[in-house]
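Next come the chains, spelled out residue by residue.
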Number of protein chains: 2
Amino acid sequence: MDIIELGDDVISGTRRALARAITLVESQRADHRVQAGQLLDYVGQAGRQALRIGLSGTPGVGKSTFIESFGLMLTGLGLRVAVLAVDPSSRRSGGSILGDKTRMDRLSRDPNAYIRPSPSQTKLGGVAQRSRDAVALCEAAGFDVVLIETVGVGQSETMVAEMSDLFLLLLAPAGGDELQGIKRGIMEIADIILVNKADGDLKPAAMRTCADYTGALRLLRKRKRDPDGFPRAMTVSALEDSGLDQVWADIQALISWRRDQGYWDMQRAEQARSWFVEEVRQGLLAQIETPGLLRDRMLQLGDEVARGQSSAAGAAAKLLELVKTPDESLDAGPGTA
Amino acid sequence: MDIIELGDDVISGTRRALARAITLVESQRADHRVQAGQLLDYVGQAGRQALRIGLSGTPGVGKSTFIESFGLMLTGLGLRVAVLAVDPSSRRSGGSILGDKTRMDRLSRDPNAYIRPSPSQTKLGGVAQRSRDAVALCEAAGFDVVLIETVGVGQSETMVAEMSDLFLLLLAPAGGDELQGIKRGIMEIADIILVNKADGDLKPAAMRTCADYTGALRLLRKRKRDPDGFPRAMTVSALEDSGLDQVWADIQALISWRRDQGYWDMQRAEQARSWFVEEVRQGLLAQIETPGLLRDRMLQLGDEVARGQSSAAGAAAKLLELVKTPDESLDAGPGTA
């Protein structure tokens, strides 16, 4: 595979090249990881940044409808929009439950939109890694906005928030007693809470729910990276396309303030650094998953440990001696490899 | 430090040596890890096995009272008993909230008992590793029973179950509606559920709670490693020392059946193998935590990534090239170190 050519095609906005590039970064094969690194380094030189918007909401809150309406509004403004789904639960189903393009029929046919289903991965760490790489590729491909969608389960919101510039939490109208159902941790990562379905019979309930969350948000500790009035709650109707322009205006106001104050750059730098460390950690752990002498020896030592011939700690120390860091290579000196 | 001498002292049952040995295996220093591996390999040759009993219960159920009463009953039978606390939350407090020997004043003064507080660790993985090593040292020191105690929070029960031969869940008498409060996952790892405080006014409530759990346990899928009648629920009163002899009789019946059926050996072998893999994983990750050339280079590459000069994936690939596995050493051939 010619990485430079693929990279150039991604940068020039060729959809098929972007799809191929994302497939490459999603691969777990060691040689593909090396190529993925080269590709990401190459396209990163283009220095393009998109606005990365994380979005979470439990099933039934109208997430697909919101993304379609919001996405079409953005493309209507002349912006290019990518939608990525991050779904850790796909490791069980073996495929994405979120990535169904037919859910977002109109948006998926929009030439200025690109929808990518969640990769099916076996590990949570792997999902995060591959999703971050896919986001970076969408940025390089010149998208203005990357929407990163996740279902409201466990760690996935935090994972998505860590690859986003801002985080939207989509909720359905509910009785006041359900307010407790939203975990405090999720409230704390949200920049804007959107109470959807503010239409028809549900409108009064949506208004009440919004007021409840406005109150709840006031109780949270003020974050440095928030201008006055943020985090905030507001009502929208994805079905009736109402309130979406206000959401976009609020997002722009928030982001513009963060850029001016330096928080945008700071957050991007911190995120990049922690992605790198996580990438290194996953790479170190991959050493024992890759077929080869190290893995063979590990299986052999594992048998010894299982038979009680060696302690877990002792066998691990023996195995780890086979992995050489630069310090040890230096200690050993030349000619002793 | 003379590892052989320390090992011999542990095996001969010297309490001070055991305490020193546990402190050694709890250390995160790389040289201590190597020594710990040597020590565990050495004392493992003694081939001693204790009965490892995991025990969990939320604060307030009378866990300390139970451990003291149960432990004293066992020492009264001529058995030597070690009590280890596994407390992942100690990373926050910087010390153990469980390890207070004054809680178990009589047991701690018993020459046939040994109580070790939880190590204060920064990582959950670290707590598990060090606790397993401490259990292995107590076995080598000739204890007959090792009680591994944990608070009822999140992952800690699973962690303790994975280093135990059987698992006790201690509960307080409660209204039937509280039955739902016990997570299904915890029910599934329990071999015996003990409803404590079956004394005085609480006795009827304890009986009802026990009946409720007996019913709930029947709904669980039968596990291969269980003889008829297990898992089971029973009432005890740690305060009045009642029911404890029955707990011990049940434990012996369960374990004797598992030994006969081969499940004991099978479970021990599986546990040892997975501890080893976990030990290797932690060891690989420790490479970037240890001061040295690799870590220096990682910090340097992290800065490049934060400044946008390199992609996370690309920089990670560069760093990982510095770590050599046996396959790569062979590829490189002699003289190219």
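About the cut-offs
- Residues numbered from 1 in each chain as written.
- Chains lettered and ligands numbered in written order.
- Predicted model: local features only at pLDDT ≥ 70, side-chain atom pairs only at ≥ 80, totals over all residues.
- Heavy atoms only, no water.
- Pairing = 2+ DSSP bridges.
- Helix = DSSP H or I, 4+ residues; strand = E, 2+ residues; numbered from the N terminus.
- Axes fitted to C-alpha atoms, helices over the stretch in contact; angles between N-to-C directions.
- Contact = heavy atoms within 4.5 Å.
- Parallel < 35°, antiparallel > 145°, perpendicular 65-115°, else oblique.
- Left-handed = near helix turned anticlockwise from the far one by under 90°.
- Nonpolar A, V, L, I, M, F, W, Y, C, P; charged D, E, K, R; others polar.
- Salt bridge = Lys/Arg side-chain N within 4 Å of Asp/Glu carboxyl O.

Lay out the sheet that holds strand S5 (residues 166–171) of chain A in plain terms, naming residues and giving numbers.
Residues and elements named next belong to chain A. The parallel open sheet is built from seven strands, whose spatial order is S3-S2-S4-S1-S5-S6-S7. Here the strands that pair on one side only, and so sit at the sheet edges, are strand S3 (113–116) and strand S7 (232–235). Each strand of the sheet is rotated relative to its neighbour by a mean of 20°, with strand direction disregarded. Taken together, the seven bridges between strand S1 (residues 51–57) and strand S4 (residues 145–151) define a ladder with parallel strand orientation. For Arg52, the partnering residue across the bridge sits in S4 and is Val146. The strands touched by helix H4 (residues 63–76) are S1, strand S2 (81–86), S3, S4, S5 and strand S6 (192–195); relative to S4, the strand with the most contacts, the crossing angle is about 180°.

Break down the packing of helix H2 (residues 15–26) of chain B against helix H3 (residues 30–44) of chain B for me, with residues and values.
Residues and elements named next belong to chain B. Contact geometry of H2 with H3 gives a least axis separation of 8 Å together with a crossing angle of 130°. When the axis of H2 is compared with that of H3, the two are oblique. The handedness of the crossing between H2 and H3 comes out as left-handed. Here Ala21, Leu24 and Val25 of H2 lie close against H3, whose contacting residues are His32, Arg33, Gln35, Ala36, Leu39 and Leu40. Each residue belonging to the contact of H2 with H3 can be placed in one class, and the counts come to six nonpolar, two polar and one charged.

Which residues make up the pattern of salt bridges, and what values go with them?
One pass over the structure, following the stated rule, counts 34 salt bridges over all chains. Between B:Asp303 and A:Arg273 there is a salt bridge, and its shortest N-O distance comes to 2.6 Å. Of the two residues, B:Asp303 is situated in helix H13 (residues 293–306) and A:Arg273 in helix H12 (residues 263–286); the pairing between them involves two chains. In this structure, B:Glu139 engages B:Arg268 in a salt bridge whose closest nitrogen and oxygen atoms are separated by 2.9 Å.

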